[in-house]
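Below are the chains, spelled out letter by letter.
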Amino acid sequence: METEPRGRTLSIHVVTWNVASAAPPLDLDDLLQLNNQSLNQDMYVIGLQEMNCGIVSLLSDTAFEDLWSSFFMDVLSPLSFVKVSYIRMQGLLLLVFAKYQHLPFIQILSTKSTPTGLFGFWGNKGGVNICLKLYGYYVSIINCHLPPHMANNDQRLEHFDRILEMQNFEGHNIPNILDHDLILWFGDMNFRIEDLGLHYVQESIENRSYTDLWQKDQLSTAKRCDPLLREFQEGPLLFPPTYKFDKNSNNYDTSEKKRKPAWTDRILWRLKRQPSAGSHTPRLPDPHFYLSLKSYISHMMYTISDHKPVTGTFDLELKPLVSVPLITLVPEGLWTAKDMLISYSLTKDFISSSWDWIGLYKVGFRHINDYVSYVWVSDNEVSCSDGLNQVYINIGDIPETEDQFLLCYYSNSLRSVVGISNLFKIQPHAFLEKDPLGEAQPQI
């Protein structure tokens, strides 16, 4: 009799920051909450706007990793986080990192760009989306940059609706985005504070008296009138408005334009509503899948941009719909002085492909292509029987080391890791033991 999967809680840290074409600062510990010892994050979701998207920069970023992605990987990979997916559209960048233990339970379904800039085709404004399955639940993540200026509120709301409408997944057997279990939506939404004068707003900020400002915040006002927008939740705005600052300072705009401060940078979420039992019964979120906000703050210490970054830390409580990896991987030991034998078994639901491959990784790897060796599962096969397969992978070029390794099975059709091994060390070749018949015995 199969036991029912136990519930689990995932900690997810969301970052949104309009970086105004700046390079990364030297220290991102506060932004990523790495200095908070009480937090044990499982995933990072990072959205940037206004990355440098000049021609030279874009060509360089196409050939190599962009500076921001590389910097985040430098910081997070030593902490066992792997870049799971990313998408970029001009100045918009969306990154998803997860601890490697979660990789077999994260399936990337789709990445999509929705430009809404000049004539609706230019990507300086719009949204980028990553759609994935997390332990069997549908999750959509959207990073957006909406039109600026006080007078363009209607246009902002139109772009919000357009980005949502464009998240269709025809031909992918993926439900409508409004039927996804969770939508995380964040970015530089550019909503402003209406009616109130500059001096009143500045005085309210100095006194940390935000009540009147909340009442005139355009997004808060729109949520009171728009039923769909109302389904998106947000934490309380207990931090100062995050725009517009003089660069390299914590002073609000002192230029001739003297733009009025505003909460332009926001993090919203929407949980799927369950069918109601009757017309008078409120529709509640799925009790087996619930998101709660633990922290919603800005980070005043960063001054490279005219925006301050905003982060939200969430606890996602779920009862996994998928709790067993599609592939079980076991490193069996050294087959020869240069090859290691790998055994793997497939669940009955998994259909393998000749384009599937197994990668060997050092713990601390940055992304799925950061392997030290790999093998196509259709090549180097030793045996195949009763659901158990064996292949060997070349490790002859790997220097002797005390580092720990793991194996990942990558499914080409699912575009995701579907199995990982336990951690292991590769024993030095000199330690191969001999049995009484003089044959080498594998040692892991």
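Below is a short write-up of the structure. This structure is a prediction, so every number in the text was calculated from the model and none was measured. (Residues numbered from 1 in each chain as written. Predicted model: local features only at pLDDT ≥ 70, side-chain atom pairs only at ≥ 80, totals over all residues. Heavy atoms only, no water.)

**Topic: the packing of aromatic side chains**
Link 1 in the chain: Per the counting criterion, the structure on display carries 24 aromatic pairs.
Link 2 in the chain: Considering the side-chain rings of Trp357 and Tyr410, the 5.3 Å spacing of their centres and the 25° angle between planes classify their relative orientation as stacked. Residue Trp357 is located in strand 14 (residues 357-362), and its partner Tyr410 is located in strand 18 (residues 405-411); the two are separated by 53 residues in the primary sequence.
Link 3 in the chain: Judged by centre distance (6.5 Å) and plane angle (75°), the rings of Tyr361 and Tyr371 are edge-to-face. Separated by 10 residues along the polypeptide, Tyr361 in strand 14 and Tyr371 in the loop between strand 14 and strand 15 (373-376) bring together distant segments of the chain.
Link 4 in the chain: On the basis of relative accessible area, Tyr361 is assigned to the buried category, the value being 0%.
Link 5 in the chain: Tyr371 gets classed as partly exposed once you look at its relative accessible area, which sits at 31%.
Link 6 in the chain: Three or more aromatic residues link up through ring pairs in this structure, and these residues are Trp355, Trp357, Tyr361, Phe365, Tyr371, Tyr374, Trp376 and Tyr410.
Link 7 in the chain: Positioned over the ring face of Tyr86 is Lys83, at 4.3 Å from the centre of the ring.
Link 8 in the chain: Residue placement shows Lys308 over the ring face of Phe245; its charged tip is 4.8 Å from the ring centre. (Phe/Tyr/Trp six-rings, centres within 6.5 Å; stacked < 30°, edge-to-face > 60°. Helix = DSSP H or I, 4+ residues; strand = E, 2+ residues; numbered from the N terminus. Buried < 20%, exposed > 50% of the residue type's maximum accessible area, 1.4 Å probe, protein only. Lys NZ or Arg CZ within 6 Å of the ring centre and 35° of its normal.)

**With respect to unusual backbone geometry**
Link 1 in the chain: Lys244 follows Tyr243 through a cis peptide bond whose omega is 0°.
Link 2 in the chain: Structurally, the position occupied by Lys244 is in the loop between helix 7 (227-230) and strand 9 (265-271).
Link 3 in the chain: A positive phi is found at Ser21, a non-glycine position, where the angle reads about 70°.
Link 4 in the chain: On the secondary structure map, Ser21 appears in the loop between strand 1 (8-18) and strand 2 (43-49).

**Looking at the sheet that holds strand 8 (residues 182-188)**
Link 1 in the chain: Taken in spatial order, the 5 strands of this open sheet run 5-6-7-8-9, and their pairing is mixed. Two strands lie at the open edges of the sheet, namely strand 5 (106-115) and strand 9, each paired on one side alone. Along the sheet, successive strands turn relative to each other by an average axial angle of 15°, direction set aside.
Link 2 in the chain: The pairing of strand 8 with strand 9 spans 7 bridges and is classified as antiparallel. Across the sheet, Leu182 pairs through a bridge with Leu271, a residue of strand 9.
Link 3 in the chain: Of the strands in this sheet, strand 5, strand 6 (126-134), strand 7 (137-145), strand 8 and strand 9 touch helix 3 (residues 153-165), which is tilted by about 140° from strand 8. (Pairing = 2+ DSSP bridges. Axes fitted to C-alpha atoms, helices over the stretch in contact; angles between N-to-C directions. Contact = heavy atoms within 4.5 Å.)

**Focus: the pairing of strand 19 (residues 416-420)**
Link 1 in the chain: With 5 of 5 residues buried, strand 19 lies mostly within the body of the structure.
Link 2 in the chain: Of the pairings in the sheet, the one linking strand 18 to strand 19 comprises 4 bridges and is antiparallel in character. Directly across from Tyr410, in strand 19, lies its bridge partner Val417.
Link 3 in the chain: From the end of strand 18 to the start of strand 19, which pair antiparallel, there are 4 residues, and Arg415 there has a positive phi angle of about 55°.

**Thoughts on the nonpolar core**
Link 1 in the chain: Of all hydrophobic cores here, the largest spans 46 residues; its most connected members are Leu134, Ile141 and Leu184.
Link 2 in the chain: Ignoring sequence-local partners within four residues, the contact set of Leu184 consists of Val14, Ser140, Ile141, Ile142, Leu268, Trp269, Leu291 and Phe314. (Core = buried A, V, L, I, M, F, W, Y, C linked by side-chain atoms within 4.5 Å.)

**A few points about empty space enclosed by the protein**
Link 1 in the chain: Counted by the stated rule, this structure contains 5 cavities of 30 Å³ or more.
Link 2 in the chain: Counted as a void, the second largest cavity has a volume near 50 Å³.
Link 3 in the chain: Contributing to the lining of the second largest cavity are Ile12, Met43, Val45, Leu132, Leu134, Val139, Ile141, Leu182 and Leu184.
Link 4 in the chain: Of all the secondary-structure elements, those providing two or more residues to the lining of the second largest cavity are strand 2, strand 6, strand 7 and strand 8.
Link 5 in the chain: Of the residues belonging to the lining of the second largest cavity, the class tally is 9 nonpolar, no polar and no charged. (1 Å grid on protein atoms, 1.4 Å probe; cavity = no way out; pocket = protein on both sides within 12 Å on 5 of 7 lines; lining within 4 Å. Points joined across faces, edges and corners; volume = space filled by probe spheres on them. Nonpolar A, V, L, I, M, F, W, Y, C, P; charged D, E, K, R; others polar.)

**Brief notes about the pattern of salt bridges**
Link 1 in the chain: This model, assessed by the stated rule, comprises 9 salt bridges.
Link 2 in the chain: Here Glu402 makes a salt bridge to Lys425, at a shortest N to O gap of 3.3 Å. Highlighted residues: Glu402 in the loop between strand 17 (388-394) and strand 18 and Lys425 in the loop between strand 19 and strand 20 (433-434), separated in sequence by 23 residues.
Link 3 in the chain: By relative accessible area, Glu402 is classed as exposed at 59%.
Link 4 in the chain: One connected set of salt bridges, linked through shared partners, spans Glu65, Asp74 and Arg366. (Salt bridge = Lys/Arg side-chain N within 4 Å of Asp/Glu carboxyl O.)

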